[in-house]
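If you want the building blocks of each chain, they are given just below.
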Amino acid sequence: MKSVRIRRINLQQKQININDEFISSLVEEGQPVILENTENLDMTENWKVENLCEKMKDCNLSIHKGGNLTLDFRTKNFEYANKYPAGDFLREVASGKVRYLRSTGARRKDLPDFEKDYPSLSSDLNLFKPERTHSQILRISPKDLEIWLHYDTLDNFLTQTVGEKEVLLFNPKDAANLYLDGDKSECIGEVLKPGDVLFIPALWFHCTKANNFSVSINTFFKSLPDKMYGKDLYGNRDPLPVEDAAKHLQKAIIALKQLPPTYQHFYFHKLGISAACLSDNNNSK
Ligand SMILES: O=C(O)CCC(=O)C(=O)O
Ligand SMILES: [Fe+2]
């Protein structure tokens, strides 16, 4: 397994301003990068639990609640709890209970908008907002909480504000290996410290572990043409051309299945349709 160190860019040393041109260059490069010295720390140094309780005292949260610090979306080893008073949530998180906030919009169907939803917090931060921002999400975790390995379909800046967070990243080109036998050819493990901003390009697999009480904000933004994105609350819907392709693929599979098995195997192979597609198709029947 090859381990690659992630590039760090010290914004102040390099005198870089984060603007849309700089963001486009990151997107084009398509590699994760940590931006350091983002001038985000002055006011958040006093984001201790009690101060956060005060700042968020009027907030009711939708949270993940469970009994195992390794949250797993596939086995759903947690439940959702709504209208949770922020003070109760924060104190429970501070005492190590398995609680996790991935903030939602004001109403269920609204996109999370950190600046609008949490003005008492966002006024302490100098977050940059790409021109084509999709949503901005507040994330609060207890020490040792792990988030399952997943990818999002939007590009993302993950800003670490309180505590440290370990992030493990896998290149999308290794996707085929991630579930088969875990034989990854490239693996990038990094620790985010307060003030670090990690650029996670779309489709890069990532999982995280909070090393201590942790507050982060992530900003999903779009880099494909607007018309390629459908309505998407969570930043993980496949681009519309992929959904279109999947429908065509289903039709292709159904058409080929009219043939005897020898023909099927020959033509599936010839058309480059993988065995995985075929078994998916069988399962859905
Ligand atoms: O660290 C977390 O809480 C998860 C972050 C994440 O998955 C994201 O920013 O897309
Ligand atoms: Fe994510």
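Computed from a prediction, not measured in an experiment: that's the story for all the values here.

A. Inspection of the site of ligand 1 at higher detail. Close to ligand 1 lie Tyr-100, Arg-139, Ile-147, His-150, Asp-152, Asn-156, Leu-158, Lys-165, His-206, Thr-208, Asn-218 and Phe-220, which account for all nearby residues. In the model, an oxygen atom of ligand 1 is placed 3.0 Å from a nitrogen or oxygen of the Asn-156 side chain. His-206 is positioned with one of its side-chain polar atoms (N or O) 3.2 Å from an oxygen atom of ligand 1. Surface burial for ligand 1 is 99%, taken as the share of its 300 Å² of free accessible area covered by protein chains. Counting residues per element, the ones that place at least two in the shell around ligand 1 are strand E8 (146–150), strand E9 (155–162), strand E13 (205–210) and strand E14 (214–221). Residues belonging to the shell around ligand 1 are distributed by class as follows: 4 nonpolar, 5 polar and 3 charged.

B. Seen up close, the coordination of the iron ion (ligand 2). With distances of 2.1 to 2.2 Å, the protein atoms coordinating the iron ion (ligand 2) are His-150 (NE2), Asp-152 (OD) and His-206 (NE2). Sequence positions of the donors to the iron ion (ligand 2) reduce to the motif H-x1-D-x53-H.

C. Layout of the domain arrangement of the protein chain. On domain assignment, one finds that the protein chain holds domain 1 (2–228) and domain 2 (240–283). Spacing between the C-alpha centres of domain 1 and domain 2 amounts to 37 Å.

Calculation criteria
- Residues numbered from 1 in each chain as written.
- Chains lettered and ligands numbered in written order.
- Predicted model: local features only at pLDDT ≥ 70, side-chain atom pairs only at ≥ 80, totals over all residues.
- Heavy atoms only, no water.
- Near = heavy atom within 4 Å.
- Polar contact = N/O pair within 3.5 Å; in protein donor to acceptor, adjacent residues only side chain to side chain.
- Areas by Shrake-Rupley, 256 points an atom, 1.4 Å probe, with all protein chains shown as cover.
- Helix = DSSP H or I, 4+ residues; strand = E, 2+ residues; numbered from the N terminus.
- Nonpolar A, V, L, I, M, F, W, Y, C, P; charged D, E, K, R; others polar.
- Donors = N, O, S within 2.8 Å, 3.2 Å for Na, K, Ca; no water.
- Domains from an automatic or database assignment.

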